[in-house]
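Results of the structural survey
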Amino acid sequence: MLEDNYKKVKARLKPGVRLVAVSKYKTVEEIRAVYDLGQRVFGENKAQEMHAKQPLLPPDIEWHFIGHLQRNKIKYIAAYVSMIQSIDSLELLAEVDKAAKKNNRIIPCLLQFHIAQEETKFGLDRQEADALLSSAAYSSMKNIRIDGVMGMATFTDNQTQVRAEFASLRAEFDYLKSRYFPQAAHFKEISMGMSDDYLLAMEEGSTLVRVGSAIFGPRDYSLKLY
Ligand SMILES: *Cc1c(COP(=O)(O)O)cnc(C)c1O
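Procedures and definitions
Residues numbered from 1 in each chain as written. Predicted model: local features only at pLDDT ≥ 70, side-chain atom pairs only at ≥ 80, totals over all residues. Heavy atoms only, no water. Helix = DSSP H or I, 4+ residues; strand = E, 2+ residues; numbered from the N terminus. Rg over C-alpha atoms; globule rule 2.2 N^0.38 Å. Buried < 20%, exposed > 50% of the residue type's maximum accessible area, 1.4 Å probe, protein only. Contact = heavy atoms within 4.5 Å. Areas by Shrake-Rupley, 256 points an atom, 1.4 Å probe, with all protein chains shown as cover. Lys, Arg positive; Asp, Glu negative; His and termini not counted. Charge placed at Lys NZ, Arg CZ, Asp CG, Glu CD. Near = heavy atom within 4 Å. Polar contact = N/O pair within 3.5 Å; in protein donor to acceptor, adjacent residues only side chain to side chain. Nonpolar A, V, L, I, M, F, W, Y, C, P; charged D, E, K, R; others polar. Phe/Tyr/Trp six-rings, centres within 6.5 Å; stacked < 30°, edge-to-face > 60°.

Looking only at helices and strands, the chain features nine helices and eight strands. Compactness check: the chain gives a C-alpha radius of gyration of 17 Å against a globular reference of 17 Å for 226 residues, within 12% of the reference. Taking the principal axes of the C-alpha coordinates as reference, the chain spans close to 50 × 45 × 30 Å. Expressed as a percentage of the 226 residues in the chain, the buried residues total 52%. Taking the contacts inside the chain whose residues are at least 6 apart along the sequence as the reference set, 61% of them involve residues at least 24 apart. Summing over all exposed atoms, the chain offers an accessible surface of approximately 11000 Å²; the carbon and sulfur share of this is 51%. Seen as two clouds, the 31 positive and the 29 negative side-chain charges of the chain have centres 5 Å apart.

Okay, structure coming up:
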């Protein structure tokens, strides 16, 4: 099953789009099986879960953090995380910068935008992103790098709405690129699209899709993995 699922998702990727295999609530054995099929980029949404799995799996895995990150949990992932996709405040970014400095590294980050209609989802709006990127605090940070944007569409069957939300994230990316990162080759990522909507997301310009259940099957939320 896993192999068929993985190959199907891989076959559907547009050229240039990278796959983040979202492994939350999945065991080390399941992750290893997908690793053995060639996958190297995995996504987790809890710092302690990533922290529990990372030492048990090959060191060439690129771990992307995709969940709401509490400041006191950054220490669990700062030494090895390849990208933090879910920066939703200047304060969080400042803490990531500090933790990265302690580990003598630069941590690539994405700014998470609130593009859904659901209030429960996290993320910045344009005004907040402008304030963050224009701040003196941001200019002084030497151990983070902003590589693009991330967003989650509303959980709905309404394809027109989902497409419009993805297009709005693409517009935020274009705006930030031209205003703050015109010369920065690293500012190139638009992380959008999950199992149910990654094809649509790629049509709207996604460069990173975050796919979990379409690869690993449904999640068992009663599992205790850390
Ligand atoms: C769980 C999760 C995903 C993957 O969801 P699926 O529907 O299983 O593909 C993608 N992005 C984020 C931020 C998630 O938390």
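The next thing to look at is the site of the ligand. All residues adjacent to the ligand are V22, K24, I66, M152, M194, S195, R210, V211, G212, S213 and R219. S195 has a polar side-chain atom sitting 2.5 Å from an oxygen atom of the ligand. A distance of 2.9 Å is found between a nitrogen atom of the ligand and a side-chain nitrogen or oxygen belonging to R210. Computed on the free molecule, the ligand has an accessible area of 390 Å², of which 92% lies beneath the protein chains in the complex. Looking at the shell around the ligand residue by residue, the classes come out as five nonpolar, three polar and three charged.

This part covers the packing of aromatic side chains. Under the criterion given, the structure shown has four aromatic pairs. Seen from their ring centres, F42 and W63 are 6.2 Å apart, and the 40° between their planes marks the pair as tilted. One end of the pair, F42, is in strand β2 (residues 41-44); the other, W63, is in strand β3 (residues 62-65), and 21 residues separate them in sequence. Comparing F42 with W63, the two get one shared label, buried. On the numbers, 5.0 Å between centres and 10° between planes, the contact of F173 with F187 is stacked. With a gap of 14 residues between them, F173 in helix α7 (residues 159-180) and F187 in the loop between α7 and β7 (189-191) connect regions that are remote in the sequence. Residues F173 and F187 agree in their burial class; the two are buried.

On to the side chain of S135. Among the structural elements, S135 can be located in the loop between α5 (126-134) and α6 (136-139). From its side chain, S135 meets the backbone nitrogen of Y138 in a polar contact 3.0 Å long.

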